[in-house]
Amino acid sequence: MTLVLFSAPDSVWDEYRDVLPRAIARAGVEARIIRDDALTDPTEVDYIVYAPSSRLKDFTPFTRLKAVLNLWAGVEAIAPNPTLKAPLARMVDYGLTEGMVEWCVGHTLRHHLGMDQDIRRNDAEWHPHVPPLARWRNITVLGLGALGEAVARALVDLNFRVTGWSRRQKDIGGICCLSGDDGLREALSSAEILILLLPLTDNTRDLMDRNRLALLPKGACVINPGRGPLIVDEDLIDALDSGQIAHATLDVFRTEPLPPEHPFWAHDGVTVTPHIASDTRPQSAADVVAENLRRGETGEPFLHLVDRSAGY
Ligand code: NDP
């Protein structure tokens, strides 16, 4: 029988203890799931279902491992691990995608419509402000992967003018697709609202430094549900203080939870959300894990494999 190690804290297991066995049974796989504390012989484990908060960091003893199935979309904590030789799959599912689309569209509309002006004001004064139509608003999405493309398409459906930037050149109807250094400069230069949906890799760390923030139109808004280190914190604060950036909505940070003394908390131009842009939903994620177990057992290619040389 296939042996699956569910390597995650109790709080994660509590969410999966019912749905995962049912999903595996539906997929027609005969598997036994064990937790870290029941592991006696790592050489017997076929698959590891892995939460990034797992304490497991050394995969060397797992000599029979067929794959590690990551429960999250981001793999920066595990992809560079030199002890992992087995294939690594990440989470792509409708729950993560729909959650991210809703969060990004919500925060984009907030900035596009200038909703803060009405929500924050209670001064009994009549201040009409009419936002431009979406068709006149330029939005740039950095990263056109599972999440970035879905967000960009949703914004196109709302009539926004959308530019996207990715490592490899893409061709997506309704989206101005760019790549490369020149493409990044062009993508930033028109971005009244900038959404970061890049993975954290050696090539994307510190991407949005003071020079690139300066390329944005004055008064642009930045929305970052990607990863904290995509932006240089001090440079963003300077850009907010100078008015170059009007507002930053940040869901992810270099240190999480964001320390109480971090200047983002007190800055009027920053909205902090606690890494909730999109969560892995066990109801949908369990089916993706089960499908990959089925594929592994029948010799079919795994879904959502990570390119470890690219880091995502
Ligand atoms: P994907 O791997 O599907 O997409 C990544 C995109 O980034 C691709 O378009 C890729 O280009 C592009 N990219 C990667 N490196 C570069 C580079 N050096 N230059 C230009 N483009 C680059 O990831 P997802 O869309 O699934 O997820 C994106 C990120 O979102 C995750 O890595 C994670 O950090 C974050 N996330 C945050 C969540 C939250 O709650 N805040 C929840 C889930 C994810 P190409 O298409 O050419 O490969």
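Residues numbered from 1 in each chain as written. Predicted model: local features only at pLDDT ≥ 70, side-chain atom pairs only at ≥ 80, totals over all residues. Heavy atoms only, no water.

The subject of this paragraph is the packing of helix α2 (residues 19-26) against helix α10 (residues 282-298). Orientation of α2 relative to α10, taken along the N-to-C sense of each, is 40°, at an axis distance of 8 Å. Here α2 is positioned oblique relative to α10, judged by the angle of their axes. When the axes of α2 and α10 are compared, the crossing they make is right-handed. Facing α2, whose interface residues are V19, L20, A23, I24 and R26, α10 presents P282, A286, D287, V289, A290 and L293. Along the lines of polarity and charge, the residues of the contact of α2 with α10 split into 9 nonpolar, no polar and 2 charged. (Axes fitted to C-alpha atoms, helices over the stretch in contact; angles between N-to-C directions. Helix = DSSP H or I, 4+ residues; strand = E, 2+ residues; numbered from the N terminus. Parallel < 35°, antiparallel > 145°, perpendicular 65-115°, else oblique. Left-handed = near helix turned anticlockwise from the far one by under 90°. Contact = heavy atoms within 4.5 Å. Nonpolar A, V, L, I, M, F, W, Y, C, P; charged D, E, K, R; others polar.)

To continue, consider the UniProt feature "domain: D-isomer specific 2-hydroxyacid dehydrogenase NAD-binding" (unreviewed entry) in the chain. Taken from the UniProt record, the annotation "domain: D-isomer specific 2-hydroxyacid dehydrogenase NAD-binding" (unreviewed entry) applies to residues 108-277. In the segment residues 108-277, helix accounts for 32% and strand for 20%; the C-alpha atoms at its two ends are 13 Å apart. (UniProt positions renumbered as here; feature names shortened; annotations may be inferred.)

In this fold, T2 is placed in strand β1 (residues 2-7). Excluding residues that lie within four positions of it along the chain, T2 makes contacts with V29, E30, A31, R32, D46, Y47 and E297.

So, about the site of the ligand. The environment of the ligand is formed by 30 residues, the closest being R90, L147, R168, K170 and Y312. Separating an oxygen atom of the ligand from a backbone N or O atom of G145 is a distance of 3.0 Å. Contact between the ligand and Y312: an oxygen atom at 2.5 Å from a side-chain N or O atom of the residue. For the ligand, whose accessible area on its own is 940 Å², the fraction buried by protein is 94%. (Near = heavy atom within 4 Å. Polar contact = N/O pair within 3.5 Å; in protein donor to acceptor, adjacent residues only side chain to side chain. Areas by Shrake-Rupley, 256 points an atom, 1.4 Å probe, with all protein chains shown as cover.)

Another point: the sheet that holds strand β8 (residues 175-179). Spatially, β8-β7-β6-β9-β10-β11-β12 is the arrangement adopted by the 7 strands of the open sheet, whose pairing is parallel. Each edge of the sheet is formed by a strand with only one pairing partner; in this case those strands are β8 and β12 (270-272). Between one strand axis and the next, the sheet turns by 15° as a mean value, whatever way the strands run. Pairing between strand β10 (residues 220-224) and strand β11 (residues 245-250): 5 bridges, direction parallel. The residue of β11 that forms the bridge with C221 is H247. Sheet strands touched by helix α3 (residues 94-113): β6 (138-142), β9 (193-196), β10, β11 and β12. Its angle to β11, the strand with the most contacts, is close to 160°. (Pairing = 2+ DSSP bridges.)

In this section: the pairing of strand β7 (residues 161-166). Of all 6 residues in β7, 5 are buried; the element is thus mostly enclosed. Viewed along the sheet, the connection from β6 through helix α5 (residues 146-157) into β7 turns out right-handed. With 5 bridges joining them, β7 and β8 adopt parallel strand pairing. Directly across from S166, in β8, lies its bridge partner S179. (Buried < 20%, exposed > 50% of the residue type's maximum accessible area, 1.4 Å probe, protein only. Right-handed = clockwise from strand over helix to strand, strands pointing away.)

It is worth spelling out the side chain of N70 at this point. Following the sequence through the fold, N70 ends up in strand β4 (residues 67-70). Judged by relative accessible area, which is 2%, N70 ranks as buried. Filtering out sequence-adjacent residues up to four positions away, N70 remains in contact with Y50, P52, V75, I78, L88, A89, R90 and M91.

A few words now on the nonpolar core. With 30 residues, the main nonpolar core has L142, M208, L216, L236 and F264 as its most contacted residues. For this core, the secondary-structure elements that each account for two or more residues are α6 (180-189), β9, β10, α8 (233-242), β11 and β12. Of the residues forming this core, the biggest block, 4 residues, is contributed by α8. Once residues lying within four places of it in the same chain are set aside, the contact partners of L142 are W165, L184, L188, L194, I195, L196, L197, L198, L207 and M208. If you look at the next biggest cluster of nonpolar residues, it comprises 28 residues, including V29, V289, A290 and L293. (Core = buried A, V, L, I, M, F, W, Y, C linked by side-chain atoms within 4.5 Å.)

Okay, the pattern of salt bridges next. Tallied over the entire structure, the rule returns 18 salt bridges. Linking E76 and R227 is a salt bridge whose minimum nitrogen-to-oxygen distance equals 2.7 Å. Of this pair, E76 sits in the loop between β4 and β5 (88-89) while R227 sits in the loop between β10 and α8, and the two are 151 residues apart along the sequence. Accessibility expressed as a relative area gives 28% for E76, which makes it partly exposed. The exposure class assigned to R227 is buried, which follows from its relative accessible area of 13%. As a salt-bridge pair, R294 and E291 come within 3.0 Å of each other at their nearest N and O atoms. Highlighted residues: R294 and E291, both in helix α10, separated by 3 residues, approximately one helical turn. Taking the relative accessible area as the measure of exposure, R294 reaches 22% and is therefore partly exposed. If you follow the salt bridges from partner to partner, you end up with D46, R64, K66 and E297 in one network. (Salt bridge = Lys/Arg side-chain N within 4 Å of Asp/Glu carboxyl O.)

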